[in-house]
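# Structure assessment
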Amino acid sequence: MTTTLRPEGPETSTAGGGRTRRWRICANGRPVGALRTSVVTRGGQLWGEIAELEVHEGRGRGRGTFGALAAEEVLRGWGCTRVDADIPEGARLARSLAVTLGYAERMRNMAKRLSGPPALPPGVAARPIGAEEFPGWLADAKEGYLRDLVSSGLAEEQARAKSDADHVNLLPQGADTPGVALRRLWGAGPDPAGPDPLGSLWLALRVRDLPDGSPLAWVMVVEVTQAHRGRGYGRALMLLAEQECLGAGVRDLGLNVFSGNEAAIRLYDSLGYRVTNRVYGKALI
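Rules of the game
Residues numbered from 1 in each chain as written. Predicted model: local features only at pLDDT ≥ 70, side-chain atom pairs only at ≥ 80, totals over all residues. Heavy atoms only, no water. Helix = DSSP H or I, 4+ residues; strand = E, 2+ residues; numbered from the N terminus. Rg over C-alpha atoms; globule rule 2.2 N^0.38 Å. Buried < 20%, exposed > 50% of the residue type's maximum accessible area, 1.4 Å probe, protein only. Contact = heavy atoms within 4.5 Å. Areas by Shrake-Rupley, 256 points an atom, 1.4 Å probe, with all protein chains shown as cover. Lys, Arg positive; Asp, Glu negative; His and termini not counted. Charge placed at Lys NZ, Arg CZ, Asp CG, Glu CD. Expected span 1.5 Å × (residues − 1). Pairing = 2+ DSSP bridges. Right-handed = clockwise from strand over helix to strand, strands pointing away.

### Brief notes about the overall build of the protein
Along the protein, the regular secondary structure elements total 6 helices and 13 strands. For a compact globule of 285 residues, the expected C-alpha radius of gyration is about 19 Å, and the protein comes in at 21 Å, within 12% of that figure. For the protein, the C-alpha atoms occupy an extent of roughly 75 × 35 × 30 Å along the three principal directions. Looking at the 285 residues of the protein, the share that counts as buried comes to 45%. Sequence separation of at least 24 residues holds for 64% of the intrachain contacts in the protein that already meet a minimum separation of 6. Here the protein displays about 14,200 Å² of accessible surface, and carbon together with sulfur accounts for 52% of that area. Side-chain charges in the protein split into 36 positive and 32 negative, and the spacing between the mean points of these groups amounts to 7 Å.

### A look at helix H4 (residues 156-170)
When the terminal C-alpha atoms of H4 are compared, their 21 Å separation across 15 residues agrees well with the 21 Å that a helix rising 1.5 Å per residue should span. Buried within H4 are the following residues: Gln-158, Ala-159, Ala-161, Lys-162, Ser-163, Ala-165, Asp-166 and His-167.

### Thoughts on the pairing of strand E6 (residues 82-88)
Counting buried positions along E6 gives 5 out of 7 residues, so the element sits mostly inside the fold. Where strand E5 (residues 45-55) meets E6, 4 bridges bridge the pair, whose relative direction is parallel. Within the sheet, the bridge partner assigned to Ile-50 lies in E6 and is Ala-85. In this view, the connection linking E5 to its parallel neighbour E6 by way of helix H1 (residues 63-77) has right-handed handedness. Examined bridge by bridge, E6 and strand E13 (residues 274-283) share 7 bridges and lie antiparallel to one another. By the bridge assignment for E13, Asp-86 is matched with Val-279.

This is the structure we're talking about:
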């Protein structure tokens with residue numbers, strides 16, 4: 001029996017110079033599954049993505065393995081140096097296949113349906129990050145993101161290209177970018193805007209719409225200042241994110257967490273966030 005990968009439709013362009021195409025996995029010419037390959041540009045580098053992989057006939061016969069390997073060849077031909085696979089949490093067989101093919105879990109997507117607005121703990125206050133503070137905050141945010149990307153398995157050059165590109169794309173107008181909440185957390189006292197912030201929050205209030213048409217907000221950065229870690233301020237920043245969402249009429253909040261960040265995973269789990277997807281990746285060599 002011959003298994004092949006055939007185009008299901010035309011290749012289309014995506015924002016930022018990317019491309020995408022959906023494929024059929026065929027056995028002796030008969031469709032038995034499908035997948036999608038996409039390319040995203042990251043600071044001059046091309047990153048491949050495999051998504052929507054499904055086998056609907058003849059599971060357990062290596063058709064998913066063939067589809068994934070064939071998709072990698074497509075992405076190599078498109079000039080990609082890395083590939084990520086975004087796998088729903090319930091797809092345990094797909095996650096097992098990814099590990100078998102040499103992929104490592106890099107990050108998790110988590111989400112929560114918000115109810116009533118939470119109160120911040122006593123002793124803290126929040127205020128916006130203004131234009132004067134923005135360059136310093138941005139430099140710290142980019143370096144923190146760079147470290148997380150490297151620890152998740154990326155080469156430093158790849159991580160820096162992604163960090164630079166993501167911040168340019170997501171904050172094109174700096175502190176005045178529409179639909180974005182940039183906040184710093186301070187100790188509440190006689191001088192709440194003192195010299196030492198407790199942490200910072202970057203929240204995108206509408207990254208996309210959910211199937212029912214409601215908006216999904218996303219925590220882009222939640223960072224506690226090094227000297228103040230381990231004192232509950234990460235929880236306070238997440239409660240602040242929920243306040244900001246509900247104040248903007250948004251009831252669904254999601255986030256990415258790198259898989260090696262066990263402390264953050266425990267925090268989000270304790271706040272009621274649940275894993276929706278896991279991202280696995282590897283280098284294409």
